[in-house]
Amino acid sequence: SVATASVASLVLGGVMISVVLAARPLRINPDNVAIPIAAALGDLTTLGLLAIISAGLFDLAESRWVSLGVVLALFVMLPAWTYVSYKTENTRGVLSYGWLPIISAMLISSFAGNILDYAVRRYHSMAAFQPLMNGVGGNLAAVQASRLSTLMHQERHSSQAEHSSLQASTPISGSALSLVADNAEANERGSWLLVALVVPGHLIFMTLISLLKNGSVKLSALFVLFYSVAAILQVAVLLLATRRIVRFLWRRGMDPDSTAIPYVTALGDVLGTAFLAAVFALMTLLGVGTEL
């Protein structure tokens, strides 16, 4: 698993860089495409690499010693990569404040796991829709977080260009929040656009789920209605929380690009799982079967 995590991080990092570089000449905003692509390829790449690496190590006669050697080699290279990251200005800050968001997101997501573990025992069909609910909401909120972070970085760089007396090492301040305030109308339109994508996106993938299950998953009109309301509420709450999280992290001198998205996606997991469980509970309360 350690080797898989390392290789997957390298592969996905390369994919992200390629997407950003390709989006620029095509005049596509990377904030709108990079995160969904990374999310879509993340699980697929990790599971694929895990299967390949595990099968390769399992086939070796001395797989235990080979596995130990791989882990030791990765630990030996760790100081070198840490030094390289520290010497690179764009990644230096991540070494100091990049760990807390990841660990915190794991703890927050564990609550979603507890909710899912309890709910799926009562509502077996819920497991088919939980990845969809959490994935769509988390991705849309992550796109918004990336867009807000980009606006703040643009404001800081433009302010430094206008005031030559400011040094390039000027710490992140709250001045960039003025740009978000000035562009409140544009941000609001962007938020409404993301909310408008919720229902069509969910309907498409709900139909795919039904088809992949060979028609065993029946989508009643009442379930689709409750599910759509829950999905809209999830995204609306996430977008409001995203704005506050990004501003809070920016004021604390942290780069939201590196810190906000783990919090946002973890919160999306908790809200999505809780709202989905509420949908199934409401259908049960109304006497409607939950075995869709």
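Keep in mind that what you see is a predicted model, and the values were worked out from it rather than measured.

Scoring rules and cut-offs
Residues numbered from 1 in each chain as written. Predicted model: local features only at pLDDT ≥ 70, side-chain atom pairs only at ≥ 80, totals over all residues. Heavy atoms only, no water. UniProt positions renumbered as here; feature names shortened; annotations may be inferred. Helix = DSSP H or I, 4+ residues; strand = E, 2+ residues; numbered from the N terminus. pLDDT = per-residue confidence, 0-100. Contact = heavy atoms within 4.5 Å. Patch = residues over 30% accessible without salt bridge, like charges linked within 9 Å, V, L, I, M, F, W, Y side chains within 5 Å. Areas by Shrake-Rupley, 256 points an atom, 1.4 Å probe, with all protein chains shown as cover. Salt bridge = Lys/Arg side-chain N within 4 Å of Asp/Glu carboxyl O. Buried < 20%, exposed > 50% of the residue type's maximum accessible area, 1.4 Å probe, protein only. Axes fitted to C-alpha atoms, helices over the stretch in contact; angles between N-to-C directions. Parallel < 35°, antiparallel > 145°, perpendicular 65-115°, else oblique. Nonpolar A, V, L, I, M, F, W, Y, C, P; charged D, E, K, R; others polar. Phe/Tyr/Trp six-rings, centres within 6.5 Å; stacked < 30°, edge-to-face > 60°.

Q: Hey, could you run me through the UniProt feature "transmembrane region" (unreviewed entry) in the protein chain in this one?
A: Taking the UniProt record as the reference, the feature "transmembrane region" (unreviewed entry) is found at residues 32–58, 65–84, 96–116, 192–212, 224–242 and 263–286. A helix fraction of 95% and a strand fraction of 0% characterise residues 192–212, whose end C-alpha atoms lie 31 Å from each other. Spanning residues 224–242, this segment combines 100% helix with 0% strand, and its end C-alpha atoms are found 26 Å apart.

Q: Is there a simple way to explain the confidence of the model for the protein chain in this structure?
A: Low pLDDT marks stretches whose predicted atomic positions should not be read closely. Scored by pLDDT, the protein chain comes out at a mean of 78, with 83% of its residues at no less than 70. Confidence, expressed as mean pLDDT per element, reaches its minimum in the protein chain at helix H7 (residues 177–182) with 49 and its maximum at helix H10 (residues 221–251) with 90. Scored below 50 in pLDDT, residues 164–176 makes 17 contacts in the model with residues more than four places away or belonging to other chains.

Q: Please clarify how a nonpolar patch on the surface should be interpreted in this entry.
A: Residues Leu222, Leu225, Val229, Leu233, Leu282, Leu285 and Leu286 make up a contiguous nonpolar surface patch of about 640 Å² in total accessible area. Secondary structure elements with two or more residues in the nonpolar patch: H10 and helix H11 (256–285). Broken down by element, the residue count for the nonpolar patch peaks at four residues, all from H10. If you trace the backbone, Val229 turns up in helix H10. Overall, Val229 belongs to the partly exposed group, its relative accessible area being 43%.

Q: I would appreciate a short explanation of the packing of helix H4 (residues 89–97) against helix H5 (residues 99–122) in the present structure.
A: Think of two packed helices as two axes; the pair is described by the angle between the axes and how far apart they sit. The interhelical angle for the contact between H4 and H5, taken along N-to-C directions, is 50°, at an axis separation of 5 Å. In terms of axis orientation, H4 runs oblique to H5. Seen from H4, the contacting residues are Val94, Leu95 and Tyr97; seen from H5, they are Trp99, Leu100 and Pro101. Its residues placed into classes, the contact of H4 with H5 shows six nonpolar, no polar and no charged.

Q: Any chance you could explain the environment of Val198 here in plain terms?
A: Structurally, Val198 can be placed in helix H9 (residues 198–212). What makes Val198 buried here is its relative accessible area of 0%. Each C-alpha atom, one on Val198 and one on Gly137, is 7.8 Å from the other, the two residues being 61 residues apart in sequence. Non-local contacts of Val198, meaning those with residues more than four positions away in its chain, are made with Leu140, Ala231, Ile232 and Val235.

Q: Where do I start with the packing of aromatic side chains in this structure?
A: The way to describe two aromatic rings as a pair is by their centre distance and the angle between their planes. Per the stated rule, a full pass over the model turns up five aromatic pairs. Pairing Phe129 with Phe223 gives two aromatic rings, centres 5.1 Å apart and planes at 55°, and the pair type is tilted. Of this pair, Phe129 sits in helix H6 (residues 126–162) while Phe223 sits in helix H10, and the two are 94 residues apart along the sequence. The class of Phe129 is buried, set by a relative accessible area of 0%. Here Phe223 falls in the buried class, since its relative accessible area comes to 0%.

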